[in-house]
Structure formats: structure tokens, C-alpha cells
Amino acid sequence: MTTGTAYRIENLDVYRKSIALGTRLYQEAGNGKARSAVGERVRENTLALVLNLASGLGFWEKQWKTSHFAASKRALMELTPLLELMVALGEMKAETEAQFAAELQDLTRMIGGLLRQAQRREGSGDDPAPPREGGACESPTFYH
């Protein structure tokens, strides 16, 4: 555990759960038969989940929080079918997948709450966001 983090994100329940789940998933997907393309994708998504969550928790800017929490939630959503594929391919036991699925659901709810909270704050108008790429917003804000 890191001791010099300025924001002490490691004390947050969602962060601790993501690290615990991420560690076990990463190890499970890298052992034995799981060294397949599906297993590697599980490992990539596990890293994306944990790293994007940590980044979102570390940012003060609302737009970055929203972006990183959304990326973390996407990684979670992709893990469910990937784990089902691992079971179908014989790379993971169904009981193990069911346990991971329950934990994934719990984390999805937690990250979804963080995302909704960040989106509400983003819409509060007290901190305008820079223009989105491609000019996709109705009234872009430019900074000089």
C-alpha cells in the first residue's frame, strides 16, 4: 500500500475492492490454460478498471473524473462476457466466474454512483469544462 498519496484514495472502499478483485482476476486470467487471447483481454480490462478508477479518484477536475469513471465502468462491463467466454472455453470454473460476477456487480454499482455524482457536479456550472474534441458540444467554452 502506498503511503505518500496526497488524496489517500487507498482508504476508499471502492478503491480497495477494485484492487482486491483486480489482483485475483489478473492472477486467475494469467494462470494455466487462461493464457489465451481471452485471458489476456481479461488482464487488460482488469488493469483498465483499476488504473482508470485510481485516476478518476485522484483528479479534482470534474470532466476528468467523469471520463475516468466511465472508462472504468466500461472495463467492468466488458469483463462479464469475457469471464463467460473463459468458462465456455474451459479456462475458468463456473463457480469461480459466478463469484467474480457478484463482485463485478457490486463494483459496477459503486463506480456507477461515483460516475453519477461526478456528472451531477459537472452539470452544476461552477467549473466550466473545456470544449470537447470534434466540437461536439452545443456552446463550446474557449480559454485564452
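Use the structure listed above.
What you see is a predicted model; the values in this text were computed from it and never measured.

**Q** What exactly am I supposed to notice about the pattern of salt bridges here?
**A** Two side chains that carry opposite charge are able to pair once their charged atoms sit near each other. One pass over the full model with this rule turns up six salt bridges. For D13, the salt bridge is made with R16, and the minimal N-O distance between the two is 3.5 Å. Here D13 and its partner R16 are both found in helix α1 (residues 13-30), three residues apart, which amounts to about one turn of the helix. A residue is classified by how much of its surface remains accessible, and D13, at 35% relative accessible area, is partly exposed.

**Q** Can you help me understand the packing of helix α2 (residues 37-58) against helix α3 (residues 62-88) in this one?
**A** Any two packed helices are characterised by how steeply their axes cross, that is the angle between the axes, and by the distance between the axes. Axis separation between α2 and α3 bottoms out at 8 Å; the angle between their running directions is 155°. As judged from the angle between their axes, α2 and α3 are roughly antiparallel. Read as a crossing pair, α2 and α3 show a hand that is left-handed. In terms of residue class, the contact of α2 with α3 is made up of 15 nonpolar, eight polar and three charged.

**Q** How do you make sense of the environment of L57 when you look at a structure like this?
**A** Relative to the assigned elements, L57 resides in helix α2. Given a relative accessible area of 11%, L57 falls into the buried group. Sequence separation between L57 and Y15 is 42 residues; the distance between their C-alpha atoms is 8.6 Å.

**Q** Could you clarify how one ought to interpret the nonpolar core in this entry?
**A** Nonpolar side chains tend toward joint burial in soluble globular proteins. Ranked by internal contacts, the top residues of the largest apolar core, which has 27 residues, are L25, V42 and L83. When contributions to this core are tallied by element, the ones reaching two or more residues are α1, α2, α3 and α4 (94-122). Ignoring anything within four residues of it in the chain, the contact list for V42 reads L25, A29, L79, L82, L83 and M86.

Reading guide: rules and limits
- Residues numbered from 1 in each chain as written.
- Predicted model: local features only at pLDDT ≥ 70, side-chain atom pairs only at ≥ 80, totals over all residues.
- Heavy atoms only, no water.
- Salt bridge = Lys/Arg side-chain N within 4 Å of Asp/Glu carboxyl O.
- Helix = DSSP H or I, 4+ residues; strand = E, 2+ residues; numbered from the N terminus.
- Buried < 20%, exposed > 50% of the residue type's maximum accessible area, 1.4 Å probe, protein only.
- Axes fitted to C-alpha atoms, helices over the stretch in contact; angles between N-to-C directions.
- Parallel < 35°, antiparallel > 145°, perpendicular 65-115°, else oblique.
- Left-handed = near helix turned anticlockwise from the far one by under 90°.
- Nonpolar A, V, L, I, M, F, W, Y, C, P; charged D, E, K, R; others polar.
- Core = buried A, V, L, I, M, F, W, Y, C linked by side-chain atoms within 4.5 Å.
- Contact = heavy atoms within 4.5 Å.

None of this, on its own, says anything about what the molecule does.
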